[in-house]
Amino acid sequence: MFIDWLDSLTYMAGSMQNEHRKALIGFGDSSLPPLYLDPILDYLEVKQVLPESKINEIRRMSNGRLDLMRSLTKQGSIAFDEFFLSLVHSQQVHLADSLRPLVSQSVIASLENKGTEQKASSSIEGFERMEIDEERAGGGGRYDSDGNGKSSFSSFDLRDIEKKLASYEAQKGERVYQFTSPRGYALIISNEHFRTMPQRRGTKADVIALKNLFISKLGYEVEVHENLTGKELHNNIKSFASSTKHSFTSSAIVCILTHGEHDVLYGVDDQVVDVHYLLSSFNTHNAPHLAGKPKIILLQACRGERKDIGYEETDSGRPFAFLECLGMGGGGMMTRNKRPAESDILVAYATPAHYVSWRNSEKGSWFIQSFVEVAEKRSHDSDLLSILTQVNAKVAETYKANSSTGEYKQISEFSSKLTKKFFFFPPE
């Protein structure tokens, strides 16, 4: 009790008006349109409207919406305006509109000076903007999502998606991940030119297909890095996972296209990066701004022996690399950090452990091209696990590689630690 009183005293900045208090309590009614709490709580925590202890308590509650409203009424008058701004920045504009008549004129004027409320999320403190850089530097070229020197999210109206999510929960009785606009960031790492390993021809087709899917169809901000060394690959993943830019988004996607072996990925300098170590970058401790949010990771790489069958290329490395991975070759035994990846992470692999994955030198990899095609067709009505199951079927049934030694097939697989249903529901 004393701590609660002290928290209220610390954050009090003038008593809240009765009309503000009544409006907030009204927002606690669960019969009203859905209120997506995660981005709101992130915003209020950054702005220090509520103490961290209270934020964490609300996240754990079954009726966090009502408890949030009650907590805000105990804060100062500024809490009402900050709650309004949290709705604006999370693109729940239809809810923010109902509070607008009660918001201080200085706040409204500030928003109008920045432009429309739909654009407010791109100017909020904490977002890290991407700048165009078409020149490769140290093997790590980066360019923005739209090629015009400025990077911007695809904003969209959440109301139709909210209705779909609410309808699904009501009919199926299953929990679903909530949405924000902008939805999130997607990181694509594509390695093509290696020091000693074969060129990964066709990877550009994969990058183009993924960018078009994430930007044009699904509303993500995309960042692409090419030809990274092992150290650069590791550092980029670590930086992306821990970035504060995820605070006001609802999900994150990572796609890594490179050579690989079982449980390792290769940088262009032939240095290995442990897959389990990369996945640990997305646990709650290392990626606090993605806590409770779905992290989708696609790995297009071999996980076993290299096979050379000509035109259709594999994503393996050099000959006998698999034996070296196991400590039987000249490379020696490698030490792996297998710290567990925690909840809300899904990893989709191009192929099962110990197997190669196939890539067409012009059209791209079987797995990535199948994922893009299925996601474009079924994202409007299928959750992610259903989409990936259909991807498995497409890879297995559509493709084959013929050689003098026989016909080769492939099956993709995924491992899910998601705790709710995840839908892309493309903006219309």
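Since we're looking at a predicted model, the values are computed, not measured.

S.K.: Explain the overall build of the protein chain here, please?
M.R.: Scanning the protein chain for helices and strands turns up 15 helices and 15 strands. By residue count, 53% of the 428 residues in the protein chain fall in the buried class. Considering only residue pairs separated by 6 or more positions, the protein chain has 75% of its internal contacts joining residues 24 or more positions apart. Summing over all exposed atoms, the protein chain offers an accessible surface of approximately 19,000 Å²; the carbon and sulfur share of this is 50%.

S.K.: Would you take a moment to explain the packing of aromatic side chains for this structure?
M.R.: Both the distance between ring centres and the angle between the ring planes are used here to describe each pair of aromatic rings. Under the defined criterion, the tally for this structure stands at 9 aromatic pairs. With centroids separated by 6.4 Å and ring planes inclined at 80°, the aromatic side chains of Tyr-220 and Phe-424 adopt a geometry described as edge-to-face. Linking Tyr-220 in the loop between α10 (203-217) and β3 (221-226) with Phe-424 in the segment after β15 (413-416), this pair joins segments that are 204 residues apart in sequence. Take Tyr-220: its relative accessible area is 1%, and that puts it in the buried class. Its relative accessible area of 2% is what places Phe-424 among the buried residues. Pairing Phe-423 with Phe-425 gives two aromatic rings, centres 4.7 Å apart and planes at 10°, and the pair type is stacked. The same class applies to Phe-423 and to Phe-425, which are both buried. Members of the aromatic cluster, joined through ring pairs, are Tyr-177, Phe-214, Tyr-220, Phe-422 and Phe-424. In this arrangement the basic side chain of Lys-245 is found over the ring face of Tyr-185, its NZ or CZ atom lying 4.5 Å from the centre.

S.K.: Would you mind going over the nonpolar core with me for this structure?
M.R.: Side chains of nonpolar character tend, in soluble globular proteins, to be buried together. Ranked by size, the top nonpolar core spans 35 residues in total, and within it Ile-188, Leu-210, Phe-214, Tyr-220, Ile-253, Phe-371 and Phe-424 carry the most contacts. When contributions to this core are tallied by element, the ones reaching two or more residues are β2 (184-190), α10, β3, β4 (251-257), β8 (295-300), β10 (345-349), α14 (366-378) and α15 (384-398). In this structure Phe-371 touches Leu-210, Leu-213, Phe-214, Leu-298, Leu-388 and Val-391, once residues within four positions along its chain are discounted.

S.K.: So what exactly am I meant to see when it comes to the side chain of His-262 here?
M.R.: For His-262, the position within the fold is in the loop between β5 (260-261) and β6 (264-266). A residue is classified by how much of its surface remains accessible, and His-262, at 17% relative accessible area, is buried. In this structure the side chain of His-262 is engaged in a polar contact, spanning 3.4 Å, whose partner is the side chain of Asp-263.

S.K.: Explain the sheet that holds strand β7 (residues 272-274) to me, please; I cannot follow it from the model alone.
M.R.: A sheet is described by the order of its strands in space; here 3 strands give the open sequence β5-β6-β7, paired in antiparallel fashion. Of all strands in the sheet, those with a lone pairing partner are β5 and β7, marking the two edges. Pairing geometry for β5 and β6, over 2 bridges, is antiparallel. Considered in β6, the bridge of Gly-260 is made with Leu-265.

S.K.: When you look at α15 in this model, what are you seeing that I'm missing?
M.R.: Think of an α-helix as turning once every 3.6 residues; residues three or four places apart then point the same way. The end-to-end C-alpha distance of α15 is 20 Å, a good match for the 21 Å that 15 residues give at a rise of 1.5 Å each. Along α15, the residues that are buried comprise Leu-384, Ile-387, Leu-388, Val-391, Asn-392, Lys-394 and Val-395. All buried residues of α15 fall inside an arc of 165° around its axis, so they share one side. Buried-residue contacts for α15 involve β8, β10, α14 and β15. Backbone nitrogen of Leu-385 and a side-chain oxygen of the N-cap are separated by 3.2 Å at the start of α15; the cap is Asp-383.

S.K.: Sorry, what's going on with the pattern of salt bridges here?
M.R.: Scanning the model with the defined rule gives 11 salt bridges in all. With a closest N to O distance of 3.9 Å, Arg-59 and Glu-45 form a salt bridge. You can see Arg-59 sitting in helix α4 (residues 52-60) and its partner Glu-45 sitting in helix α3 (residues 37-46), a full 14 residues away along the chain. A relative accessible area of 27% means that Glu-45 is categorised as partly exposed. Notably, a salt bridge pairs Arg-378 with Asp-381, separated by 3.2 Å at the nearest N-O pair. The exposure class of Arg-378 is partly exposed, given its relative accessible area of 32%. In this structure, a network of salt bridges that share partners links the residues Lys-54, Glu-57 and Asp-67.

Reading the values: the criteria
- Residues numbered from 1 in each chain as written.
- Predicted model: local features only at pLDDT ≥ 70, side-chain atom pairs only at ≥ 80, totals over all residues.
- Heavy atoms only, no water.
- Helix = DSSP H or I, 4+ residues; strand = E, 2+ residues; numbered from the N terminus.
- Buried < 20%, exposed > 50% of the residue type's maximum accessible area, 1.4 Å probe, protein only.
- Contact = heavy atoms within 4.5 Å.
- Areas by Shrake-Rupley, 256 points an atom, 1.4 Å probe, with all protein chains shown as cover.
- Phe/Tyr/Trp six-rings, centres within 6.5 Å; stacked < 30°, edge-to-face > 60°.
- Lys NZ or Arg CZ within 6 Å of the ring centre and 35° of its normal.
- Core = buried A, V, L, I, M, F, W, Y, C linked by side-chain atoms within 4.5 Å.
- Polar contact = N/O pair within 3.5 Å; in protein donor to acceptor, adjacent residues only side chain to side chain.
- Pairing = 2+ DSSP bridges.
- Expected span 1.5 Å × (residues − 1).
- Arc of directions from axis to C-beta.
- Salt bridge = Lys/Arg side-chain N within 4 Å of Asp/Glu carboxyl O.

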